[in-house]
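# Working through the structure, step by step
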Amino acid sequence: RRRLQIDMKNLGKDATDLQCANIVEDSNRLRRRIDAWIEVQHLYVPSVATLRARADREGGGAPVEPINIQLMLPSHVVGEVDMSQFLLQYEWRLRFAYMHDVLRELRRHLILRTHMYRFKDCYGHGQSHHTRSLGVISTVQAKINMDLLRYRENRLTLCALAGPLAKTGWERELRPLEDKDIRALNATELNETSRTGEGTRTIPWIWRVEYAGDSGSALKIEWCKARARAHRWQEECIILQEETARVITFFKWEARRWRQLAEKTISTIYDEGNTHTEGRRAYALQQTDNRDAMHLNCERAWADLGKWFAMGEGDANRAGFVEFEGF
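Quick caveat, the model's predicted, so the values are computed rather than measured.

### Remarks on the overall build of the protein chain
- The helix and strand tally for the protein chain stands at 8 helices and 0 strands.
- Starting at the N terminus, the α and β elements of the protein chain follow one another as α-α-α-α-α-α-α-α.
- In the protein chain, which comprises 327 residues, the proportion classed as buried is 28%.
- Taking the intrachain contacts of the protein chain between residues at least 6 apart in sequence as the baseline, contacts between residues at least 24 apart amount to 72%.

### As for unusual backbone geometry
- Phi at Met72 is positive, roughly 55°, even though this residue is not glycine.
- Topologically, Met72 is positioned in the loop between α3 (47–58) and α4 (85–123).
- Phi at Ala166 takes a positive value of approximately 55°, unusual for a residue other than glycine.
- Within the secondary structure layout, Ala166 lies in the loop between α5 (127–165) and α6 (216–263).

### Digging into the packing of aromatic side chains
- Taken as a whole and judged by the stated rule, the model has 7 aromatic pairs.
- When the centroid spacing of 5.7 Å and the interplanar angle of 85° are considered together, the rings of Trp92 and Trp170 count as edge-to-face. Pair noted here: Trp92 is in helix α4 and Trp170 is in the loop between α5 and α6, with a separation of 78 residues, a long-range link.
- Judged by its relative accessible area of 6%, Trp92 falls in the buried class.
- Geometrically, the ring pair formed by Trp258 and Tyr283 is edge-to-face, given 5.6 Å between the ring centres and 80° between the ring planes. In this pair, Trp258 sits in helix α6 while Tyr283 sits in helix α7 (residues 274–301), placing the two residues 25 residues apart along the sequence.
- Counting every residue linked through ring pairs, the aromatic cluster contains Trp92, Phe96 and Trp170.
- Above the face of the Trp258 ring, Arg257 is positioned so that its terminal group lies 5.1 Å from the ring centre.

### Concerning helix α2 (residues 17–44)
- Taking 1.5 Å of rise per residue, the 28 residues of α2 would be expected to cover 40 Å, and the 41 Å separating its terminal C-alpha atoms lies within 8% of that figure.
- In the core, the buried residues of α2 are packed alongside α1 (2–10) and α3.

### Let's talk about the side chain of His109
- Here His109 lies in helix α4.
- Polar contacts involving the side chain of His109 include one to the side chain of Arg108, which spans 3.3 Å.
- Ignoring any residue separated from it by four or fewer positions in sequence, one finds His109 in contact with Val140, Lys143, Ile144 and Asp147.

### Some thoughts on the confidence of the model for the protein chain
- Chain-level statistics for the protein chain give a pLDDT mean of 81 and a share of 85% at 70 or above.
- The low-confidence segment residues 189–196 (pLDDT under 50) makes 6 contacts with residues lying over four places distant or belonging to another chain.
- Within the model, the stretch residues 315–327 combines pLDDT values under 50 with 17 contacts to residues more than four positions away or in other chains.

### Overview of the pattern of salt bridges
- Under the defined criterion, the tally for this structure stands at 13 salt bridges.
- The shortest N-O distance in the salt bridge between Asp121 and Lys120 comes to 3.7 Å.
- When its relative accessible area of 13% is taken as the criterion, Lys120 is described as buried.
- For Lys252, the salt bridge identified is with Glu299, shortest N-O distance 3.7 Å. Of this pair, Lys252 sits in helix α6 while Glu299 is found in helix α7, placing the two residues 47 residues apart along the sequence.

### Brief notes about a nonpolar patch on the surface
- Together, Val40, Leu43 and Tyr44 make up a nonpolar patch on the protein surface, roughly 370 Å² of accessible area in all.
- As for its position among the elements, Leu43 is in helix α2.

### Let's talk about the side chain of Arg52
- On the secondary structure map, Arg52 appears in helix α3.
- In terms of polar contacts, Arg52 uses its side chain to reach the side chain of Gln41, at 2.6 Å.
- Here the side chain of Arg52 touches His42 through a polar contact of 3.3 Å, side chain to side chain.
- Other than its neighbours up to four places away in sequence, Arg52 contacts Trp37, Ile38, Gln41, His42, Gln70, Leu71 and Met72.

### Brief notes about the packing of α1 against α2
- Orientation of α1 relative to α2, taken along the N-to-C sense of each, is 155°, at an axis distance of 11 Å. Judged on the interaxial angle alone, α2 and α1 are roughly antiparallel. Considering only the axes of α1 and α2, their crossing is left-handed. Where α1 abuts α2, its residues Leu4, Asp7 and Met8 lie against Ile23, Asp26, Ser27 and Leu30.
- Of the residues assigned to the contact of α1 with α2, the class counts are 4 nonpolar, 1 polar and 2 charged.

### Some words on the packing of α4 against α5
- Interhelical geometry of α4 versus α5 gives an angle of 160° and a closest axis separation of 8 Å. Regarding the angle of α4 to α5, the classification is roughly antiparallel. The way α4 lies across α5 gives a crossing that is left-handed.
- Here the contact of α4 with α5 is composed, by residue class, of 24 nonpolar, 9 polar and 9 charged.

Analysis parameters
Within each chain, residue numbers correspond to sequence positions counted from 1 in written order. The model is predicted, so local features are restricted to residues of pLDDT at least 70 and side-chain atom pairs to those at 80 or more, both for listing and for counting; the totals for chains, interfaces and linings are taken over all residues. Only hydrogens and water are removed before side-chain values are computed, so all heavy atoms of the structure are retained for them. Segments assigned H or I by DSSP are reported as helices when at least four residues long, segments assigned E as strands when at least two residues long, and all are numbered from the N terminus. Buried residues are those whose accessible area, probed at 1.4 Å on protein chains only, stays under 20% of the maximum for their type, while exposed residues exceed 50% and partly exposed ones sit between those limits. When checking whether two residues touch, look at their non-hydrogen atoms; a contact exists if any pair is within 4.5 Å. Aromatic pairing here means that ring centres of Phe, Tyr or Trp (its six-membered ring) are within 6.5 Å. Orientation follows from the plane angle: under 30 degrees is stacked, over 60 is edge-to-face, and everything else is tilted. In our convention, an over-ring charge means Lys NZ or Arg CZ found within 6 Å of a ring centre and within 35 degrees of that ring's normal. A helix is expected to reach a length of 1.5 Å times the quantity of its residues less one. Distance and chemistry together define a polar contact, namely a pair of N or O atoms within 3.5 Å, with one atom able to donate a hydrogen and the other to accept it when in protein, and with adjacent residues in sequence counting only for side-chain atoms on both sides. As a per-residue measure, pLDDT tells how confident the predictor is, with possible values from 0 to 100. By salt bridge we mean one thing: a side-chain nitrogen of Lys or Arg within 4 Å of a carboxyl oxygen of Asp or Glu. Each patch groups residues whose relative accessible area exceeds 30% and which form no salt bridge, using 9 Å between like charges and 5 Å between nonpolar side chains of Val, Leu, Ile, Met, Phe, Trp and Tyr. The accessible surface values rely on the Shrake-Rupley method and a 1.4 Å probe; as for residues, cover is taken only from the protein chains in view. All axes are obtained by fitting lines to C-alpha atoms, using only the stretch in contact for helices, and the reported angles, taken between N-to-C directions, cover 0 to 180 degrees. For this classification, under 35 degrees means roughly parallel, over 145 means roughly antiparallel, 65 to 115 means roughly perpendicular, and everything else is oblique. Here a crossing is called left-handed whenever its near helix is offset anticlockwise from the far helix by less than a right angle, and right-handed whenever the offset is clockwise. By the convention adopted, Pro, Cys, Tyr, Trp, Phe, Met, Ile, Leu, Val and Ala count as nonpolar, Lys, Arg, Asp and Glu as charged, and the other residues, Gly among them, as polar.

Rendered as structure tokens:
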């Protein structure tokens, strides 16, 4: 039904006779399948026939297009007719598995779209190649939009079935699918325009659900990249810690050196009287005070760095080495 609706929507004013004939054939085929479904449904749930008759009377008996015929599934009529718990449970299991299938297709299409963009950037040269690549990417994007629509519709159905079946906890696994969640593993969020580094990158929840085994290779690659970035960050923290310690030590050494020069009251190079000696001595004492102030300022400014380094320092001897544990 959804595919037929999209085909009818894309059918323009300049459609050929063959395209119109295909739409008619698809509509007739869909109507026959719906009629077969209605016969089986009335056999197992006779009360639905009353609802259909009421809907026909309210509609004035006018013919209804196949895409607008109400299927009256158990989730749609659960509050209007007496419905067996077995039928509700069957639809729940069907919808639950179908949503995971939709998520799997969505992840596959996102990976395909990423590959298409990279292929276009590497090998797309010229106007014709660029236009053809955009056409292929738009086709993949249409499939992503269709996956998004299917997921949202089926989640609404699960919400309707969760109450009668007393289902809980499924919302943590099958969350509401927002537009910001429709992105690849290596893509940034839409609102991350001022992102300054890799430390704030987050992976959408669609890649971290329990049944995401189909994207295991992509997750392993992203995990390796994230662990390498973490080790580089760890290495930078260790280097920064050493640099701060050496800067403070250097200022202490400079202050001590100028203090030793100030203690020498007699110049060994130029003996021009007490005036020059006192001037050199005053200059050395001033430099000593400057180095002491710089040393104290650094210690005060970097007083909490040790705590921050201790939070994620880890083993310094193993920084930068990646292990593939758990694969």
